[in-house]
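# Notes for the structure review
So the chains spell out like this:
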Amino acid sequence: MNESQGWTIWLTGLPASGKTTLARAIQARLRQYGIVAALLDSDTMRTILSPTSDYSAGGRAAFYRQLTDLTAHLTADGVNVIIAATANRRSYRQRAREQLHPFTEVWVRCALDVCRARDPKHLYQRADSGMIRDLPGVDAPYEPPEAPDLVVDTDQQTPEAAADAVIAGIPRLRHLLLEQFDS
């Protein structure tokens with residue numbers, strides 16, 4: 001691996017499972033240790049990469065392909081990246097795993113009823129009423145990772161505790177932090 005190569009952490013989970021909140025907590029915690037990571041949140045990135053795209057299977061596949069390609073360019077230039085994106089199909093995340101090195105997939109696990117209760121964008125309510133379609137967990141499948149690198153239960157952990165668990169669970173980050181304490 002090229003020493004200047006950046007790394008990728010992909011946070012996947014149901015809508016409103018806490019991916020963005022966790023990504024921000026990880027980013028802030030790393031910043032405390034002098035480690036910079038760009039946050040690519042799917043809601044923001046969708047408006048940039050594919051503003052006219054829909055949430056159909058084809059629209060999602062195109063968006064996640066673009067997101068992975070952008071991340072590959074960033075990490076090749078030494079940028080560390082945290083992605084907060086549902087990526088409801090395993091195939092989207094598998095393509096990213098094959099293209100991005102080093103890559104860590106984190107399942108942000110959260111019970112559907114908790115996601116529904118905390119849903120800040122009212123996505124579940126809108127899906128239930130037919131206002132939106134193809135919401136993962138409602139009328140589109142969410143395929144949880146079969147072998148994620150890490151699992152955090154955001155319905156049982158605070159964002160800060162989950163961020164600490166992610167950082168502690170990634171050997172290269174743990175190693176970087178230990179190096180700082182030894183110097």
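In this report, the structure presented in the accompanying data block is examined. Here the structure is a predicted model, which is why all the values come from computation and not from measurement.

Here the structure, examined in full by the defined rule, presents three aromatic pairs. When the centroid spacing of 6.1 Å and the interplanar angle of 45 degrees are considered together, the rings of Trp-10 and Tyr-64 count as tilted. Of the two residues, Trp-10 is situated in strand S1 (residues 8–12) and Tyr-64 in helix H3 (residues 57–76); the sequence distance between them amounts to 54 residues. Taken individually, Trp-10 and Tyr-64 each receive the classification buried, so the pair is uniform in this respect. Each member of the aromatic cluster is reached from another via a ring pair, and the members are Trp-10, Phe-63, Tyr-64 and Tyr-92. Over the ring of Phe-63 we find Arg-46, and its NZ or CZ is 4.5 Å from the ring centre.

The subject of this paragraph is the nonpolar core. Counting residues in hydrophobic clusters, the biggest one holds 23 residues, and the most contacted among them are Trp-7, Leu-11, Leu-22, Ile-26, Leu-30, Ile-82 and Val-166. Secondary structure elements with two or more residues in this core: S1, helix H1 (19–32), strand S3 (81–84), strand S4 (103–109), strand S5 (150–153), helix H7 (159–169) and helix H8 (171–182). Ranked by residue count, the leading element in this core is H1, at five residues. Leaving out residues up to four positions away in the same chain, Trp-7 has contacts with Leu-30, Ile-35, Ala-37, Thr-75, Val-79, Asn-80, Val-81, Ile-82, Pro-102, Arg-172 and Leu-173. If you look at the next biggest cluster of nonpolar residues, it comprises 15 residues, including Ala-72, Ile-83, Ala-87 and Tyr-92.

As a further point, take the side chain of Asn-80. Take Asn-80: it is sitting in the loop between H3 and S3. Judged by relative accessible area, Asn-80 falls into the buried class, the value being 13%. Setting aside residues no more than four positions away along its own chain, Asn-80 makes contact with Gly-6, Trp-7, Ile-35, Val-36, Ala-37 and Ala-38.

Definitions and limits used
- Per chain, residues are indexed from 1 in the order of the written sequence.
- Where local features are concerned, this predicted model is filtered to residues with pLDDT of at least 70; where side-chain atom pairs are given and counted, the filter is 80 or more; whole-chain, interface and lining totals use all residues.
- Based on all heavy atoms of the structure, the side-chain values leave hydrogens and waters out of the count.
- Any Phe, Tyr or Trp ring, taking Trp's six-membered ring, that has another such ring centre within 6.5 Å forms a pair; planes under 30 degrees apart are called stacked, those over 60 apart edge-to-face, and the others tilted.
- The helix and strand labels rest on DSSP assignments: H or I over at least four residues marks a helix, E over at least two residues marks a strand, and numbering proceeds from the N terminus.
- The classification of residues rests on relative accessible area computed with a 1.4 Å probe and restricted to protein chains. Under 20% of the type maximum is buried, over 50% is exposed, and intermediate values are partly exposed.
- Lysine and arginine charges are scored as sitting over a ring when NZ or CZ, respectively, is within 6 Å of the ring centre and within 35 degrees of the ring normal.
- By nonpolar core is meant a set of buried Ala, Val, Leu, Ile, Met, Phe, Trp, Tyr and Cys residues that side-chain atoms within 4.5 Å join together.
- Residue contacts follow a heavy-atom distance rule, with two residues in contact if any of their heavy atoms lie within 4.5 Å.

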